[in-house]
Each structure stands twice: as C-alpha cells, then as structure tokens.
Amino acid sequence: MKKIGIVIDNITKGAGTERAVINLSNMLCQSQKYIVFIFSLFSFETEELYYIANSKINIIHLNLRKEKNKIYQFYTYLKIVSILKRLLNTYCIDTVLGTGTMINSLITFLPKKNKKIGCEHMGFNSCPFLSKIARRLCYHKL
C-alpha cells in the first residue's frame, strides 16, 4: 500500500481546504490502496475535527504556534521542513501533498525521493505578492 502524507495548516478548522483534505483522505482510505497521514502544523491533539474523518486516517498534530513576527515565522518554516523530513522518514511516506502556497513552497525542500504535489483551494491569482514570488521560485519542483 502506498503512503500519502497531506500537509495542512490546521485540520481542525471548518473551512474549504479542511473539508477538501478530509474528503480526499476519506476516499483514499476507502479505496484500500493507500495509508493516509495528515500532518496538521498549527493544531493540537486536544482540538476536535470540524469534519468527520475515517478512523483509518492517521492525523498527526505538530503543535506549532503561528508567529506574527517575520523573523520567528522564518524560523518556524525551517523547523517545519526539519520536522516533515523526520516524519516522512519515520512513516516511510511515498507522496507528499501540500495545501496552500506556503506549505507547497516548503515541501519543495523535502528529499527528492518523495513525490511532491502542490494543491491550492483558492483562486490562483488571488494571492498576496510574496506568495506569487514563492510560486515562481518553488512550484517548478512540484
């Protein structure tokens, strides 16, 4: 069985990206061809999911804090890449799916052996200027 890791900001929110990730994860689990891991960056085990997830989905809360200070944000992004590298190795993840510009850009720094897919649940041109720069620099690696 293939192992897929989906990286998301916070899987406990009740928004469109979270619903899309839960729906995709549920369908992949039901096919019985995949083992699904959701890596939720900015959520905690104590938080409940807004959407109903198949019990076979492995949800891993990374318990990180979202920083407002740009210097701390940069440090957090470096930390996320390091944590994800370790988790991909630990769980032998074959494919990583990012959800959003920041996460998609970060997963381009993961090992080449992992297939990387970028996914966005928003209008392509409706992102901030820095996100457009990140796309230009990183998306060709997805």
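Let me begin by describing the structure that accompanies this report. Keep in mind that this is a model prediction, so the values were computed, not measured. (Residues numbered from 1 in each chain as written. Predicted model: local features only at pLDDT ≥ 70, side-chain atom pairs only at ≥ 80, totals over all residues. Heavy atoms only, no water.)

## Focus: the overall build of the chain
Basically, it comes down to this: Secondary structure is summarised from DSSP: a helix means a run of H or I of at least four residues, a strand means a run of E of at least two, and numbering begins at the N terminus for each. Note on method: radius of gyration uses C-alpha positions; expected globular size equals 2.2 Å times residues raised to 0.38. The protein chains shown are the only cover counted for residues, whose accessible areas, like all others here, come from Shrake-Rupley with a 1.4 Å probe. In this count, Lys and Arg are taken as positive residues and Asp and Glu as negative ones, while His and the chain termini are left out. The atoms used to mark charge sites are NZ of Lys, CZ of Arg, CG of Asp and CD of Glu.
From N to C terminus, the chain includes 4 helices and 5 strands. Against the 2.2 N^0.38 benchmark of 14 Å for 142 residues, the chain shows a C-alpha radius of gyration of 15 Å, consistent with a compact globule. For the C-alpha atoms alone, the extent of the chain along its principal axes is close to 40 × 30 × 30 Å. Split by element, the accessible area of the chain, about 8700 Å² in all, is 58% carbon and sulfur. Here the chain carries 21 positive and 8 negative side-chain charges, and the mean point of each set is 10 Å from the other.

## Re the state of the cysteines
Note the following rule: Put simply, a disulfide is two cysteine sulfurs that come within 2.5 Å.
Evaluated as defined, the whole model comprises 0 disulfides. There is no disulfide at cysteine 92, and the cysteine sulfur nearest it, in cysteine 29, is 17 Å away.

## Let's talk about helix H2 (residues 70–91)
An α-helical turn contains 3.6 residues, so a residue and the one three or four places further along point in the same direction. Going by this rule: Expected span of a helix: the number of residues minus one, times 1.5 Å. Here's how the labels work: a residue is buried when its accessible area is under 20% of the maximum for its type, exposed when over 50%, partly exposed in between, all with a 1.4 Å probe on protein chains only. By the criterion applied in these results, polar contacts are pairs of N or O atoms within 3.5 Å in which, for protein atoms, one can donate a hydrogen and the other can accept it, and in which residues neighboring in sequence qualify only through two side-chain atoms.
The first and last C-alpha atoms of H2 sit 31 Å apart over 22 residues, in line with the 32 Å expected at 1.5 Å per residue. Among all positions in H2, only Gln73, Thr76, Ile80, Val81, Ile83, Leu84, Leu87 and Leu88 are buried. For H2, the N-terminal capping position is held by asparagine 69, with its side-chain oxygen 2.7 Å away from the main-chain nitrogen of isoleucine 71. Directly after H2, the chain includes cysteine 92, whose backbone phi takes a positive value near 50°.

## What to know about helix H4 (residues 129–138)
The cut-off we apply is this: Within this analysis, the arc is defined by the directions that extend from the helix axis to the C-beta atoms. Two residues qualify as a contact provided that any one of their heavy atoms is within 4.5 Å of a heavy atom in the partner residue.
When H4 is considered as a whole, its buried residues turn out to be Ser131, Arg135 and Cys138. Down the axis of H4, the buried side of the element spans an arc of 90°, and every buried residue falls inside it. Away from the buried face of H4 by more than 90 degrees, exposed residues Phe129, Leu130, Arg136 and Leu137 are located. On its buried face, H4 sits against helix H3 (101–107).

## Comments concerning the packing of aromatic side chains
Our working rule: Only Phe, Tyr and Trp rings are paired, with Trp represented by its six-membered ring, and only when their centres lie within 6.5 Å; those with planes under 30 degrees apart are stacked, over 60 edge-to-face, the remainder tilted.
Counted by the stated rule, this structure contains 4 aromatic pairs. Consider the rings of phenylalanine 37 and tyrosine 91, whose centres lie 4.7 Å apart with planes at 40°: the pair is tilted. Of the two residues, phenylalanine 37 sits in strand S2 (residues 34–40) while tyrosine 91 sits in helix H2, which places them 54 residues apart along the sequence. The exposure class assigned to phenylalanine 37 is buried, which follows from its relative accessible area of 6%. For tyrosine 91, a relative accessible area of 29% corresponds to the partly exposed category.

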